[in-house]
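Analysis of the macromolecular model
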Amino acid sequence: MLTRNILLCGMLAVFCPVMATETPTLGELAHKINSLDDEKYVSDAVFEVWLPNASNPVVYSVRLAGADNGGADSLLGFDYLIEWKLPHSGGESHGFSSYFRGNHYRYRDGRLQEYHAEDDASPFVPGGDIRRGVHRQAQFVNLLPGSLADELVAMEADSSFRYTIDSRGESVNVSGSQTLAGNEVRTFRYSFNASDGRPMRLDIDTNPGQISEQTMTVEYGAPQGDADVPRTEEALTKIFPEEFARYRQSDFRLEKLPGERLPEFSAQTTGGERFTHHKPDGFDSPVLMLFLDAEAGDPARVLDEVRQAIDMYPGTVRPLIAFVDNRLDAVEGVSGHPLPGETVLYGARSVARDCGVTVTPTLIFVNSDGTVVDFIQGMNKNLVDEVLELISRLK
């Protein structure tokens, strides 16, 4: 009997630690993830996205580096440097984004933009909403541990999310979906290392089952040794000397766009296709580009007045309606079916960003050769008349 009891105690000693492991709440998991930035976080990642009707995925190689700033910055709790590469048939594109102490830099497509809160804080808190700041919306910022932690905290307080948390071996997995207005707009599965909260893999499906469905997968590499996150412009310039020497455009804002060619962009249409404009290209007719947020202001009224003006115009102008929202149902609730000759884009926040647009509504007037002529920003009581006047100047 004594031998039997000893064996039983030994078995309990082996199995009890496993049985006692508790699955964390989202808040507890977020706290653990945030601790990664207390020192420095460095990791490579492979970001893969399947676009509608695409035969192959778009695959980025991303290097992520972040470091806690000790709470000294009210705009963001951590500084970061993100570098990315995208191979394509013509070679390879590359870019970077950096943030520290109210300063944000981003480079892509031969253009280095910069924003400084000390000079103008509005791009960091557009419309008073810090979540939409340029530094938080930069490409791949949402892959950093600090951003993921913020997302989990917000998810815990948002009734539109349904999720489960399970601990399996070395990982903690958060799986679930988001439903808005009765429509499932997103499904997801996030996997984190159980011991330190390090992100391991993200699987995200937006607009599942719809023609606009997009599937994204992020596979994180092993954590790497310390890498300095630049916290001065001098330090950043040493890392990217050519970009600063040749492509710097200072604080790129909408006001600087007239006289320049419309930046290169690509975005999804509500019809399920991809609309792409290359910077050297022109258009078959002058273009009126309207940026809207389906959930801010009165976008339906603005769109209606712009359509009135275009209908009254005796010449030809092509409307490009670009919604910054990712929710197709919200966009279609405002736009309805596109009018003849009209293209409606959604998920176009990066397009707005590259054009220097920080508030909606914003209209940009473009000649057929791709050169920007003028713009209208914000709400306007005389919108129909002003739109008619500006499109009559287009060539």
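In case you missed it, the structure is sitting above this.
Read on for a plain summary of the structure. (Residues numbered from 1 in each chain as written. Predicted model: local features only at pLDDT ≥ 70, side-chain atom pairs only at ≥ 80, totals over all residues. Heavy atoms only, no water.)

**Quick word on the overall build of the chain**
Scanning the chain from N- to C-terminus turns up ten helices and 18 strands. Each principal axis of the C-alpha atoms in the chain carries an extent, and together these give about 100 × 50 × 40 Å. Out of the 395 residues in the chain, the part that is buried amounts to 48%. Across the chain, every contact between residues at least 6 apart in sequence was considered, and the portion connecting residues at least 24 apart equals 58%. Surface accessibility of the chain: about 19,000 Å² in total, with carbon and sulfur atoms responsible for 50%. (Helix = DSSP H or I, 4+ residues; strand = E, 2+ residues; numbered from the N terminus. Buried < 20%, exposed > 50% of the residue type's maximum accessible area, 1.4 Å probe, protein only. Contact = heavy atoms within 4.5 Å. Areas by Shrake-Rupley, 256 points an atom, 1.4 Å probe, with all protein chains shown as cover.)

**Here's the deal with the pattern of salt bridges**
All chains considered together, the criterion is met by 14 salt bridges. Note that glutamate 242 is salt-bridged to arginine 246, the shortest N-O span being 2.9 Å. Within this pair, glutamate 242 and its partner arginine 246 are both found in helix H6 (residues 241–247), separated by four residues, close to a single helical turn. Its relative accessible area of 43% is what places glutamate 242 among the partly exposed residues. Salt bridges here are not isolated pairs; linked through shared partners, they connect Arg201, Asp203 and Glu219. (Salt bridge = Lys/Arg side-chain N within 4 Å of Asp/Glu carboxyl O.)

**What to know about the packing of aromatic side chains**
One pass over the full model with this rule turns up 16 aromatic pairs. Following the ring pairs from residue to residue traces out a cluster consisting of Phe47, Tyr60, Trp84 and Phe140. (Phe/Tyr/Trp six-rings, centres within 6.5 Å; stacked < 30°, edge-to-face > 60°.)

**A closer look at the packing of helix H7 (residues 299–312) against helix H10 (residues 383–391)**
One can describe the packing of H7 onto H10 by two numbers: an axis separation of 9 Å at closest approach and a directional angle of 45°. When the axes of H7 and H10 are compared, the pair comes out oblique. At the point where H7 passes H10, the crossing takes the right-handed sense. Across the interface between the two elements, Val302, Glu305, Val306, Gln308, Ala309 and Met312 from H7 touch Leu383, Val384, Val387, Leu388 and Ile391 from H10. (Axes fitted to C-alpha atoms, helices over the stretch in contact; angles between N-to-C directions. Parallel < 35°, antiparallel > 145°, perpendicular 65-115°, else oblique. Left-handed = near helix turned anticlockwise from the far one by under 90°.)

**Concerning unusual backbone geometry**
With an omega of 0°, the peptide bond between threonine 360 and proline 361 qualifies as cis. Its location among the elements puts proline 361 in the loop between helix H9 (349–354) and strand S17 (362–366). Located in the positive-phi region is asparagine 207, a residue other than glycine, with phi close to 50°. When you line up the elements, asparagine 207 lands in the loop between strand S10 (199–206) and strand S11 (214–220).

**Section: the sheet that holds strand S12 (residues 265–269)**
Spatial strand order, S13-S12-S16-S15-S14-S17-S18: seven strands in an open sheet with mixed pairing. Each edge of the open sheet is held by one strand with a lone partner, namely strand S13 (274–277) and strand S18 (372–377). With direction set aside, neighbouring strand axes in the sheet form an average angle of 30°. Summarising the sheet, S17 and S18 pair through five bridges and their orientation is antiparallel. Paired with leucine 363 across the bridge in S18 is isoleucine 376. Sitting on the sheet, helix H8 (residues 328–335) is in contact with strand S15 (318–323) and strand S16 (343–346), with an inclination near 150° to S16. (Pairing = 2+ DSSP bridges.)

**Points about the sheet that holds strand S3 (residues 78–88)**
Pairing is antiparallel across the open sheet formed by eleven strands, whose spatial order is S6-S5-S4-S3-S2-S1-S11-S10-S9-S8-S7. The sheet is open, and its two borders are formed by strand S6 (111–116) and strand S7 (161–168), each paired with just one other strand. The mean inter-strand angle of the sheet, taken between neighbouring strand axes irrespective of direction, is 10°. Strand direction decides the pairing type here: strand S4 (residues 91–100) and strand S5 (residues 103–108), joined by five bridges, are antiparallel. Bridging from a neighbouring strand, serine 97 pairs with arginine 106 of S5. Its contacts with the sheet put helix H2 (residues 26–34) on S7, strand S8 (171–180) and strand S9 (183–193), and the angle it makes with S8 is roughly 120°.

**Quick notes on the pairing of strand S2 (residues 58–68)**
Examined bridge by bridge, strand S1 (residues 41–50) and S2 share nine bridges and lie antiparallel to one another. If you follow aspartate 44 over to S2, its bridge partner there is arginine 63. Note that S2 and S3 share eight bridges and pair antiparallel. What sits directly across from leucine 64, in S3, is isoleucine 82.

Worth remembering: the numbers are spatial, not functional.
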